[in-house]
Amino acid sequence: MKGKHHIIIESDNLKYEFDIKRNITVIQGESATGKTTLIDLLGERIRRKDASGIRMQSDVPCAVYVAGEDNWEYELNGLSGKIIFFDENNRFIYTKEFAEYVGKADNYFVFITRKPLKNLPYSINEIYGIRTAGKYHFPEQVYHELYPIYGEKKGADEHKVRLMILVEDKESGYEFYKKIADSSEVIGVGGNGNIFPKLLEVPTDNRVLVIADGAAFGSFAETVVKYAEKKGNIGLYFPESFEWMVLKSGVLGDADIDRILAEPEKYIDSQKYISWERFFTALLIEKSQKEEYMRYSKAMLADYYIEERNKKKIFAVIPEEIRKLMEG
């Protein structure tokens, strides 16, 4: 399944309107914010159709999972080309078995839950809360890719304390950041799940910048962001992925890449790529095959990408606030 899909669901008193463009979307929020009402409206419309009095617009079929815990595999088997909604009462959505199903399915999934789905690689850009204006409700992004969070009360003196950069991987992205931030301590933590434990080890008088692939950081976002806000000395930068940065920079000189990056949802098959990070990696590997010296590998960064001219182009993709931090 590909593409961006616009959905409107409304009754005489309520209206929800939103876009779904990735295979995994999370709608979160506290009680009484309209999450359960959205599920109820969708379920009523799907069951009773026009007799429900609820109006719905969608270019693809939608479904709400309401069956029991024990037979989810049977109920979902064979579904294709649908947007399926789940609420947090379906405990199986937090299991590894369900994550494996999502990775192979030709569907989009919307989860209405306050709990992180730690077995699923979803984007920080697809986590939403519900904003209300009268009878009109629409999902509003909770997180974005850039968080320059250096507070007054606990922020370290930037002229005295060296910046520590925590990078999610220990591969090509890590090698690149080491080259452009050689005046800082760059630490590869070896996975998204290791970022928060590493943050807990950092002395409070250090400045810290966390860089991770936003396309797969969704389940860790709340814990890390809240901790950063509390401490005041932590900056966060979550691009889609390092491979996305390379593609965006133009160092490959391929006009087709710009077209794809403008609307990636048109090209990313959810059944083939469980996260956009995997698609961007595959695209970069494919597009860099034209010349031996350009060939990209996650395991080892080719010299082409750290040549001065190309290094500057990739670095320029990073927002200015973050570049200034990294340059010291």
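Sequence order sets the numbering: in each chain, residues are counted from 1 along the sequence as written. Local features are withheld for residues below a pLDDT of 70 in this predicted model, meaning they are given only at 70 or higher, and side-chain atom pairs are given and counted only at 80 or more; totals for whole chains, interfaces and linings count all residues. Calculation of side-chain values draws on the structure's entire complement of heavy atoms; hydrogens and water are dropped beforehand.

Enquirer: How do you make sense of the overall build of the chain when you look at a structure like this?
Expert: A tally of helices and strands in the chain yields 11 helices and 14 strands. Here the globule rule is a power law, 2.2 Å times the number of residues to the power 0.38, and the radius of gyration is based on C-alpha atoms. Relative to the compact-globule value of 20 Å for 328 residues, the chain shows a C-alpha radius of gyration of 21 Å, a close match. With the principal axes as the frame, the chain shows a C-alpha extent of 65 × 50 × 35 Å. Residue burial is assigned from relative accessible area. The probe radius is 1.4 Å, only protein chains are included, and a residue is buried under 20% of its type maximum, exposed over 50%, and partly exposed in between. Per-residue burial for the chain yields a buried fraction of 54% across its 328 residues. Considering only contacts in the chain between residues 6 or more positions apart, those separated by 24 or more positions represent 66%. Roughly 15700 Å² of accessible area belongs to the chain as shown, and the carbon and sulfur atoms make up 46% of that amount. Neither His nor the chain ends contribute to the count of charged residues, in which Lys and Arg are positive and Asp and Glu negative. To locate a charge, the coordinates of NZ of Lys, CZ of Arg, CG of Asp or CD of Glu are taken. Of the side-chain charges in the chain, 47 are positive and 53 negative, and the distance between the mean point of each set is 2 Å. Secondary structure elements follow DSSP: runs of H or I of four or more residues count as helices, runs of E of two or more count as strands, with numbering from the N terminus. What makes two residues a contact is simply this: any of their non-hydrogen atoms within 4.5 Å. Using a 1.4 Å probe, the Shrake-Rupley method yields the accessible areas, and only the shown protein chains count as cover for residues.

Enquirer: How do you make sense of the side chain of Glu-265 when you look at a structure like this?
Expert: Note on placement: Glu-265 falls in the loop between helix H8 (255–262) and helix H9 (276–287). This buried residue, Glu-265, is left without a salt bridge; Lys-4 holds the nearest opposite charge, at 4.6 Å. Every residue in contact with Glu-265, bar those within four places of it in the chain, is listed here: Lys-2, Gly-3, Lys-4, Lys-21, Tyr-108 and Trp-276. Any carboxyl oxygen of Asp or Glu within 4 Å of a side-chain nitrogen of Lys or Arg constitutes a salt bridge here.

Enquirer: Explain the pairing of strand E1 (residues 5–10) to me, please; I cannot follow it from the model alone.
Expert: Of all 6 residues in E1, 5 are buried; the element is thus mostly enclosed. Note: two strands are recorded as paired if DSSP finds a minimum of 2 bridges between them. Inspection of the sheet shows E1 paired to strand E2 (residues 15–20) by 6 bridges, in the antiparallel sense. By the bridge assignment for E2, Ile-8 is matched with Glu-17. Linking E1 back to E2 in an antiparallel pair, the connection comprises 4 residues. Judged from the 3 bridges that link them, E1 and strand E4 (residues 55–57) form a sheet pairing that is antiparallel. In the strand pairing of E4, Ile-9 is matched with Met-56.

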